[in-house]
Amino acid sequence: MSPAQASKRIAELRSEVAAHDERYYRRAAPEISDFEYDVLKAELADLEKRWPQFAAADSPTQRVGDDRVQGFREVEHRQKMLSLDNTYNEAELRGFHARLVRLLDTEDLRYTVEPKIDGLAVSLTYEQGRFVRAVTRGRGDRGDDITANVLTIHSLPKSLRGPAPRVVEIRGEIYLTVAEFDRINAERAAAGEELYANPRNVAAGTIKLLDPAEVARRKLDIVLYGLGYCEPEVASSQTDLHERLEAWGLPVVEKLWAVRGIDAAWAAIGELDERRRTFAYGTDGAVVKLDAFEQQRNAGATDKAPRWAIAYKYKPDTARTRLKAITIQVGKTGILSPVAELEPVFLSLSTISRATLHNEEEIRRKDIRIGDLVEIERAGEVIPAVLRSFSEERPPGAEPFDLVKAVGGSCPVCHGRIARVEVAAEGGEGVAWKCQNYDCAAQRVGRLVFFCSRRALAIDGVGDIVSAKLVELDLVRDPPDLYDVPLATLATLNLGTAEEPRIFGEKNATKIVAAREVARTLPLERWVYALSVPEVGETTARELGRRHRNFAALADSPLLHAVLKRAELEDEKDRESPNSKKNPPKDDAERERRKSRRTAIDAEIAQLTEGILAGVPSEVGPAVAGSVLDFFASEPGRRLLAKLAVLGIDPAGTVLAAGVFTGKTFVLTGTLPALKREEAEAKILAAGGKVSGSVSKKTSYVLAGAEAGSKLEKAQALGVAVIDEAEFVSLLGTEKK
Ligand code: IVH
């Protein structure tokens, strides 16, 4: 690998891992299994180690995933909440031990081995024995205050039994029992709603609901295993702490092994693996911790994880079964994806008869053929996947799979034309086949489901089944047609068959009608996202929604035209460079002409960048700009806008005012006297400024309140302006004029 290749791969992996972090921690909707995620992250860590010149402090390997979302008050942890290093192999586990032996200069190390609960991390504060606060891990140093939601957890005592310290932070995991998960899913199935993929995502999604009454309906649980800040000290070891937690009446891990040496720890990991499937919570690994707190302190920690603990993760469960057939599904963007139809097999709590095969290339690479005995994996989180096939047991005459042949050369749903397209795939670019017909029924269904999904317009109740029915009956062509379906029609939808009817019902229909009315009032950013504009994900939609007044302004956006213009200029500058090797100037006269053109281009680029494009982030690049403008100029795009106009739906953008904060970056630290942190942040954003988590020379202001920490020191060291709330408000005042 050349340095250039390494640097490129590192950049790719960083952005991929960051995107998965966002999906896992913030949205509770991961797309890949933990195992696949760990593989990506391990590759990144390995490359960063081998190419230290490309290491970066803001790499996802160097920080903990951030779970903070809007709508919660933020609280600083008294003691940082760290993550854990993890491994899937015994050799690395032994490496962990060897390092500690060196570091602590003793062979005599005692460990505890306990379940690694697959939930979400939480820190509880008890003062004088009374529960006062629950906070998510957040960014490690500060997290979201979820006290109101945690109060709904019945198994959590609100006061500690017996003598308690003045202040203690107790760390643990919030989870959903498998039984409760099944109950919720059964309820959703009955209402024709999409099923949740796994308990962890539901727990993580639930704890971030803004309505505690809603949280109470889903019975969350909690288990405690760790200590943060504690005054005065109450325990001298992990085993000691475990006993103390239990004595206080708190729910603790189901079993804890206290062992001496790494061989015994390894044996305990094996025993835990035998037992873990009987636990109430999902257990995806074992956490090995140095038992003695004094040794823990001596071993220390990095910014991200302690050196005294490691998580050994069990490989996801797999099973073998026969691949009966490969069917082709068409998604909302028209991409054709192969699906494995399997001989049903029981795996990780449920029977599986379908699994993803990812794409045609993957099938070819793994040489998977119909009739093969295959190994499937269910990582607990996502759709089961086919890992490999056993070609030794292949039935005679099995041919390699040919996707185009399998679908007879056209879309299996609408029989329209298909074309080969480049798609973003794991680890780089891939190719796929795509149905070219925007009006394909499969695409319509996919877009309607997406339109109604939680993060889009949150019209609950319109999942796969209802959407497919509405499209089949031709009641919905484009998602906004949902508004034209009368309540009575919705109520009488038959989701079953003629022989076995399953009528959707008045109650469910009424919910949809109410939800679609609420959706009318949602801001432009949600609507842009909901309409499945190609290339527009959630972040991009947010940026667009904050920079345009409404759909009309977006459809012919001067800002997007400027993005394209700037990209064109940059292209021209590259192509016509006076020093171009590819396209060298013919003579001196041309070189001179190019030089003066370059000066003019630079000026034009600067004018755009500092003018109309000031503060526009890299997410809104030429690919997005071109795609958005093309889409709204296309027949389907114009049709959508016309429908919205007829429906009287004109969502408003939350346009950023330009002002003294445009181009200014703020860092907030400490507690402000009157403003909540998110209020201050909102004011900064509304005035065109940016908020960052760390102080650098580029920081314009550090807004500091009481108990400001290291950020204040850093600002002073770098000579960055530090302001208090009063000064901040007065700056805002000048902004308003
Ligand atoms: S101890 C200083 N013990 O796993 C870090 N963590 O992947 C101490 N987790 O952030 C963590 N079960 O949220 C510890 N028995 C256990 C755990 C556990 C689950 C979580 C925890 C941590 C994450 C790291």
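To start, this report covers the structure provided alongside it.

Section: the layout of surface pockets
- Considered as a void within the structure, the second largest pocket measures approximately 580 Å³ in volume.
- Around the second largest pocket sit 25 residues that line it, and Glu74, Val75, Glu76, Arg142 and Thr671 are the ones nearest its centre.
- Those elements that provide at least two residues to the lining of the second largest pocket are strand E1 (74-76), strand E4 (120-127), strand E5 (130-136), strand E19 (665-669) and helix H24 (677-686).
- Looking at side-chain class alone, the lining of the second largest pocket contains 7 nonpolar, 6 polar and 12 charged residues.

What to know about a positive patch on the surface
- Among the surface-exposed residues, Lys49, Arg99, Arg102 and Arg307 lie close enough to one another that they form a single positively charged patch.
- Take Lys49: it is sitting in helix H2 (residues 34-50).
- Lys49 gets classed as exposed once you look at its relative accessible area, which sits at 72%.

Structural notes on the packing of helix H20 (residues 558-575) against helix H21 (residues 588-610)
- Relative orientation of the contacting elements H20 and H21 amounts to 155°, with a least axis distance of 10 Å. With respect to H21, the element H20 is oriented roughly antiparallel. The crossing of H20 and H21 is left-handed. Residues Ala562, Lys565, Arg566, Leu569, Glu570, Glu572, Lys573 and Arg575 of H20 touch H21, and the partners they reach there are Arg594, Arg597, Arg598, Ile601, Asp602, Glu604, Ile605, Leu608 and Thr609.
- For the contact of H20 with H21, the per-class residue count stands at 5 nonpolar, 1 polar and 11 charged.

Remarks on a negative patch on the surface
- A surface patch of negative charge is lined by Glu568, Glu570, Asp571 and Asp574.
- Tracing the chain through its elements places Asp571 in helix H20.

A look at the sheet that holds strand E20 (residues 690-692)
- Pairing is parallel across the open sheet formed by 4 strands, whose spatial order is E20-E19-E21-E22. Unpaired on one side and paired on the other, E20 and strand E22 (721-723) mark the two borders of the sheet. For this sheet the average axis-to-axis angle between neighbouring strands, irrespective of direction, equals 35°.
- Inspection of the sheet shows E19 paired to E20 by 3 bridges, in the parallel sense.

Details of the packing of aromatic side chains
- The final tally for this structure, using the stated rule, is 18 aromatic pairs.
- With centroids separated by 5.9 Å and ring planes inclined at 80°, the aromatic side chains of Phe666 and Phe728 adopt a geometry described as edge-to-face. Residue Phe666 is found in strand E19, and its partner Phe728 is found in helix H26 (residues 725-736); the two are separated by 62 residues along the sequence. Both residues of the pair, Phe666 and Phe728, belong to the buried class.
- Cluster of aromatic residues (ring-pair linked, three or more members): Tyr438, Phe551, Phe631 and Phe632.
- Over the aromatic face of Trp257 sits the side chain of Lys255, whose NZ or CZ is 5.0 Å from the ring centroid.
- Sitting above the plane of the Phe450 ring, Lys332 keeps its charged end 3.8 Å from the centroid.

What about the pattern of salt bridges?
- Per the counting criterion, the structure on display carries 53 salt bridges.
- Linking Glu169 and Arg171 is a salt bridge whose minimum nitrogen-to-oxygen distance equals 3.1 Å. One exposure class covers both Glu169 and Arg171, and it is buried.
- For Asp439, the salt bridge is made with Arg639, and the minimal N-O distance between the two is 2.9 Å. Of the two residues, Asp439 is situated in the loop between strand E18 (428-435) and helix H13 (441-452) and Arg639 in helix H23 (residues 635-647); the sequence distance between them amounts to 200 residues.
- Taken together, the shared-partner salt bridges connect Asp439, Arg477, Asp478, Asp481, Glu635, Arg639 and Lys643 into one network.

Some details on the nonpolar core
- Among the nonpolar cores identified, the biggest contains 59 residues, and Phe451, Ile459, Leu470, Trp527, Phe551, Leu560 and Val628 are the most heavily contacted of them.
- Of all the elements, helix H22 (residues 622-633) adds the most residues to this core, at 6 residues.
- Membership of the second largest hydrophobic core comes to 36 residues, among which are Leu156, Val215, Leu220 and Phe293.

Describing the packing of H22 against H23
- Contact geometry of H22 with H23 gives a least axis separation of 4 Å together with a crossing angle of 70°. Considered as vectors, H22 and H23 are oriented roughly perpendicular to each other. Facing Phe631, Phe632 and Ala633 of H22, the residues of H23 in contact are Glu635, Gly637, Arg638, Leu640 and Leu641.

Rules used throughout
Residues numbered from 1 in each chain as written. Predicted model: local features only at pLDDT ≥ 70, side-chain atom pairs only at ≥ 80, totals over all residues. Heavy atoms only, no water. 1 Å grid on protein atoms, 1.4 Å probe; cavity = no way out; pocket = protein on both sides within 12 Å on 5 of 7 lines; lining within 4 Å. Points joined across faces, edges and corners; volume = space filled by probe spheres on them. Helix = DSSP H or I, 4+ residues; strand = E, 2+ residues; numbered from the N terminus. Nonpolar A, V, L, I, M, F, W, Y, C, P; charged D, E, K, R; others polar. Patch = residues over 30% accessible without salt bridge, like charges linked within 9 Å, V, L, I, M, F, W, Y side chains within 5 Å. Areas by Shrake-Rupley, 256 points an atom, 1.4 Å probe, with all protein chains shown as cover. Salt bridge = Lys/Arg side-chain N within 4 Å of Asp/Glu carboxyl O. Lys, Arg positive; Asp, Glu negative; His and termini not counted. Charge placed at Lys NZ, Arg CZ, Asp CG, Glu CD. Buried < 20%, exposed > 50% of the residue type's maximum accessible area, 1.4 Å probe, protein only. Axes fitted to C-alpha atoms, helices over the stretch in contact; angles between N-to-C directions. Parallel < 35°, antiparallel > 145°, perpendicular 65-115°, else oblique. Left-handed = near helix turned anticlockwise from the far one by under 90°. Contact = heavy atoms within 4.5 Å. Pairing = 2+ DSSP bridges. Phe/Tyr/Trp six-rings, centres within 6.5 Å; stacked < 30°, edge-to-face > 60°. Lys NZ or Arg CZ within 6 Å of the ring centre and 35° of its normal. Core = buried A, V, L, I, M, F, W, Y, C linked by side-chain atoms within 4.5 Å.

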